[in-house]
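Report on the structure
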Amino acid sequence: MTAPLKNTDPVTVEVALGERAYDIVIGRGVLASLGARVAALRPGARAAIVTDEYVATHWLRKTEASLLDAGIATSRIVVDEGEVSKSWEGIEYVCEQLIAAKVERNDLVIALGGGVVGDLAGFAAAILRRGVDFVQVPTSLLAQVDSSVGGKTGINSPQGKNLVGAFHQPLLVVADTAVLDTLSQRQFRAGYAEVAKYGVLGDEAFFAWLEVNHADILAGGAAREHAIATSCRAKAAIVMRDERENGERALLNLGHTFGHALEAATGFSDRLYHGEGVAIGMVLAAEFSAELGMIAEADAARVKRHLAAAGLPTRLQDIAGFSQERIGADALMELMAQDKKVRRGRLTFILLKALGQAVIVPEVEPLRVREFLARKLAGA
Ligand code: GLY
């Protein structure tokens with residue numbers, strides 16, 4: 001099935017968090033309704049749009065037009081594209097620009113971009129004048145299904161990813177699926193890893209649906225919207241039960257402990273997009289689960305097969321230049337030790353007890369992980 005690329009009725013997913021509740025509005029063309037939605041939520045507010053250079057060329061005018069049509073005065077802050085902006089320098093720049101633009105407590109920050117812009121603008125909103133509201137307008141698949149939902153905001157430290165940040169829920173998320181048409185295939189696929197993650201961690205039936213429909217999701221249309229809405233519903237359900245990651249929310253980190261270490265090992269560069277790291281990390285988590293006897297090897301192979309079919313890297317050796325660098329298991333263990341999921345030196349892993357059922361496994365024996373990684377590095 002290849003659904004036609006036309007505007008369809010938007011789907012709304014509610015993140016029911018009491019006084020911090022908000023809607024995620026998903027649909028082709030919904031960016032045009034941003035201004036009216038914002039005006040209805042915060043009459044009289046002005047909006048400072050934070051975006052990056054790439055997104056600005058495609059979507060800034062349309063975003064500004066929607067806000068201006070609704071009578072909302074706008075200002076714009078454009079940051080460099082990429083992870084480099086999610087830094088101390090980046091947050092200083094955005095905060096100073098917001099102050100210079102005279103953004104007050106009753107005004108709004110609009111995060112127009114992918115995960116980097118959402119995390120950065122959201123963190124700026126969390127700390128500016130001790131907190132102003134913000135709206136997420138995610139423009140990558142990864143941001144639409146993961147990072148724009150749930151209120152995690154922050155920046156990287158030179159010592160590790162996302163080590164400085166705050167929980168700050170958005171006021172609204174507007175996910176226009178048409179903006180995904182300007183993503184490269186590689187970026188889209190990287191985001192798809194996070195879609196597949198929801199199936200692997202909690203919904204075997206969704207995973208099976210993805211196995212059949214992944215090509216249609218890439219092509220756009222109704223399958224894409226269904227995949228995004230299902231992912232957002234899955235994330236919202238978990239966030240509603242565990243907003244601050246005291247327990248269950250950690251399941252969303254499936255593939256991330258290995259993935260973050262690989263991102264760090266490749267210098268957070270274009271050699272490995274975040275979603276690609278998650279894809280490899282998810283396969284490693286599934287294979288490690290099989291090694292511990294938690295799932296059948298056939299289930300781990302099924303995860304790997306699907307991600308490979310979707311065009312994602314699934315092995316350490318798939319990372320450009322990785323084999324030549326001779327990164328050892330000890331170096332990867334060291335990088336994993338910086339993960340937020342470490343407690344007094346013991347690693348907590350998200351592993352699988354079935355395909356579609358992830359579990360938090362604290363106190364994983366580091367030696368066991370090290371041996372597993374050594375075998376994977378050797379090509380096992
Ligand atoms: N990306 C994982 C979370 O939001 O908890």
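Refer to the structure above for everything that follows.
Let me begin by describing the structure that accompanies this report. All of these numbers come straight from a predicted model, not from anything done at the bench.

1. Details of the packing of helix α6 (residues 185-202) against helix α7 (residues 204-219)
- For the pair α6 and α7, the least separation of the axes is 8 Å and the interaxial angle reads 165°. Classified by the angle between their axes, α6 and α7 sit roughly antiparallel to one another. The element α6 and its partner α7 pack so that their crossing is right-handed. For the pair α6 and α7, contact is made by Gln185, Phe188, Arg189, Tyr192, Val195, Ala196, Tyr198, Gly199, Val200 and Gly202 and by Glu204, Phe206, Phe207, Leu210, His214, Ile217 and Leu218, respectively.
- Looking at the contact of α6 with α7, its residues break down into 11 nonpolar, 4 polar and 2 charged.

2. Quick look at the packing of aromatic side chains
- Tallied over the full model, the rule gives 5 aromatic pairs.
- Considering the side-chain rings of Phe258 and Phe372, the 6.2 Å spacing of their centres and the 50° angle between planes classify their relative orientation as tilted. Highlighted residues: Phe258 in helix α9 (residues 256-265) and Phe372 in helix α14 (residues 366-377), separated in sequence by 114 residues.
- Classification of Phe372 as buried rests on a relative accessible area of 1%.
- Connected via pairs of aromatic rings, a cluster forms that spans Phe258, Phe288, Phe349 and Phe372.
- Over the ring of Tyr273 we find Arg186, and its NZ or CZ is 3.9 Å from the ring centre.

3. Concerning the pairing of strand β3 (residues 47-52)
- With 6 of 6 residues buried, β3 lies mostly within the body of the structure.
- The two faces of β3 match: Ala47, Ile49 and Thr51 on one face and Ala48, Val50 and Asp52 on the other face are all buried.
- The pairing of β3 with strand β4 (residues 74-79) spans 6 bridges and is classified as parallel. Residue pairing across strands places Asp52 opposite Val79, the latter belonging to β4.

Quick notes on the rules
- Residues numbered from 1 in each chain as written.
- Predicted model: local features only at pLDDT ≥ 70, side-chain atom pairs only at ≥ 80, totals over all residues.
- Heavy atoms only, no water.
- Axes fitted to C-alpha atoms, helices over the stretch in contact; angles between N-to-C directions.
- Helix = DSSP H or I, 4+ residues; strand = E, 2+ residues; numbered from the N terminus.
- Parallel < 35°, antiparallel > 145°, perpendicular 65-115°, else oblique.
- Left-handed = near helix turned anticlockwise from the far one by under 90°.
- Contact = heavy atoms within 4.5 Å.
- Nonpolar A, V, L, I, M, F, W, Y, C, P; charged D, E, K, R; others polar.
- Phe/Tyr/Trp six-rings, centres within 6.5 Å; stacked < 30°, edge-to-face > 60°.
- Buried < 20%, exposed > 50% of the residue type's maximum accessible area, 1.4 Å probe, protein only.
- Lys NZ or Arg CZ within 6 Å of the ring centre and 35° of its normal.
- Pairing = 2+ DSSP bridges.

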